[in-house]
Amino acid sequence: LRQTIDLGGDVQKVESGPMQFAGSQTSDRLVLTVGKFSVVDIFDSNKYAHDPRGDFLNWTLVNTGAFDYAADAWAFTYGAAAEWYTGPWTFRAGVFDGPLVPNSTNLDPAFGQFQMVGEVERRYELLAQPGKIAVTGYLTRARMGNFQDAVDLANLTGAAPDLSLVRTYTSKLGIAGNIEQQIMPGVGLFARAGYTPGRLEAYAFTDADATLAGGASISGKFWNRPNDTLGIAGIRNMISTTHQAYFAAGGYSALIGDGQLPHPGAEKIVEVYYTLPIATWMLTFDYQFIDNPAYNRDRGPVSIVATRLHAQF
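## What about the packing of helix α2 (residues 147-157) against helix α3 (residues 241-248)?
Each packed pair of helices is defined by two parameters, the angle between the axes and the distance between the axes. Close contact between α2 and α3 brings their axes to 9 Å; oriented N to C, the two are set at 35°. Crossing geometry of α2 relative to α3 is assigned as left-handed. Along the contact surface, α2 presents Phe-147, Gln-148, Ala-150 and Val-151, while α3 presents Thr-242, His-243, Ala-245 and Tyr-246.

## A short note on the pattern of salt bridges
Under the defined criterion, the tally for this structure stands at 14 salt bridges. Across the salt bridge formed by Arg-192 and Asp-44, the nearest N and O atoms sit 2.9 Å from each other. Taken as a pair, Arg-192 in strand β8 (residues 187-195) and Asp-44 in the loop between β2 (23-37) and α1 (59-62) lie far apart in primary sequence, 148 residues in all. Asp-44 matches Arg-192 in its accessibility class, with the two residues each being buried. Of the charged contacts in the structure, one is a salt bridge between Arg-123 and Glu-121, with a shortest N-O distance of 2.6 Å. Owing to a relative accessible area of 5%, Glu-121 belongs among the buried residues under this scheme. Bridged by salt links that share partners, the residues Glu-83, Arg-92, Glu-119, Glu-121, Arg-123, Lys-132 and Glu-180 form one connected network.

## Describing α2
One turn of an α-helix holds 3.6 residues; hence residues three or four places apart share an orientation. All of the buried residues along α2 are Phe-147, Ala-150, Val-151 and Ala-154. Buried residues along α2 cover an arc of 95° about the axis, so they all sit on one side. Residues of α2 that are buried sit in contact with β6 (129-145) and α3. At the N-terminal end of α2, a side-chain oxygen is found 2.9 Å from the backbone nitrogen of Gln-148, two or three residues along, and the residue is Asn-146. Backbone geometry just downstream of α2 places Gly-158 in the positive-phi region, at approximately 80°.

## Some thoughts on the packing of aromatic side chains
Counted according to the given criterion, the structure contains 13 aromatic pairs. Chaining the aromatic ring pairs together yields one cluster made of Trp-59, Phe-67, Tyr-69, Tyr-138 and Phe-205. Sitting above the plane of the Tyr-85 ring, Arg-29 keeps its charged end 3.8 Å from the centroid.

The rules behind the values
Residues numbered from 1 in each chain as written. Predicted model: local features only at pLDDT ≥ 70, side-chain atom pairs only at ≥ 80, totals over all residues. Heavy atoms only, no water. Axes fitted to C-alpha atoms, helices over the stretch in contact; angles between N-to-C directions. Helix = DSSP H or I, 4+ residues; strand = E, 2+ residues; numbered from the N terminus. Left-handed = near helix turned anticlockwise from the far one by under 90°. Contact = heavy atoms within 4.5 Å. Salt bridge = Lys/Arg side-chain N within 4 Å of Asp/Glu carboxyl O. Buried < 20%, exposed > 50% of the residue type's maximum accessible area, 1.4 Å probe, protein only. Arc of directions from axis to C-beta. Polar contact = N/O pair within 3.5 Å; in protein donor to acceptor, adjacent residues only side chain to side chain. Phe/Tyr/Trp six-rings, centres within 6.5 Å; stacked < 30°, edge-to-face > 60°. Lys NZ or Arg CZ within 6 Å of the ring centre and 35° of its normal.

Distances and angles like these do not, on their own, reveal function.
And the structure:
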């Protein structure tokens with residue numbers, strides 16, 4: 001359920017799309033969303049890097065890597081969000097259900113594990129070109145494992161550390177931010193950054209305690225192909241020393257782990273994509289270069305080549 005309450009200002013036309021009906025809204029408005037959807041349908045959006053159906057594929061470009069947003073394994077959850085648009089500002093707040101077990105398919109039916117998210121967005125013009133900056137914060141209350149507790153228990157038992165053995169009801173905090181800036185019509189820059197202290201396991205997203213990413217989106221009109229898009233971006237993901245020690249002792253997370261990590265390092269990624277139309281469909285060629293995959297300097301580098309065909313009827 002989504003309800004928009006107009007509060008005045010300029011009347012804006014809303015185009016129809018897969019997720020909305022055509023209509024109109026005022027620039028100042030209140031938007032309420034309740035139901036089952038993705039946290040990142042509302043929060044941490046970016047014009048140039050947010051939709052893997054049309055732009056970048058790497059998770060930490062689609063969203064800020066350290067934004068450990070509540071979700072089931074398919075990235076959806078139950079919750080409610082409110083957005084207040086007033087002049088160049090937007091204020092957002094939401095509360096969302098969390099999974100019973102980190103990175104699992106089952107959400108907590110009693111809403112006993114949950115996440116609160118807040119965001120402040122400011123739109124502006126720089127040298128007559130539109131831009132936007134947003135800062136997002138979250139607080140998760142759930143059963144999560146502490147890396148140091150898992151290592152300490154392993155030292156006592158002689159077994160490999162296991163986060164599932166040390167999960168307690170606790171709090172996880174994090175902050176994320178992103179900026180988008182049009183340089184000229186057809187050329188846009190973006191950047192993302194995020195941080196979480198790195199004491200607790202990833203609850204529903206990925207292993208990244210600090211992240212920095214940035215890139216550009218360029219229209220093909222500059223080489224006489226106005227419907228094409230070229231995107232290029234770089235990412236630097238990091239985990240805390242405690243997080244590294246857990247992997248070095250033989251621990252695994254829901255997503256990564258080599259059984260050892262004697263030489264940890266920041267994960268560095270470059271992604272390039274090119275999208276072109278085929279009739280009403282869109283074809284994308286994508287390349288990613290990953291140095292120190294899963295924070296392991298003894299692995300990689302890895303090259304990933306992908307294609308994507310987006311069809312709409």
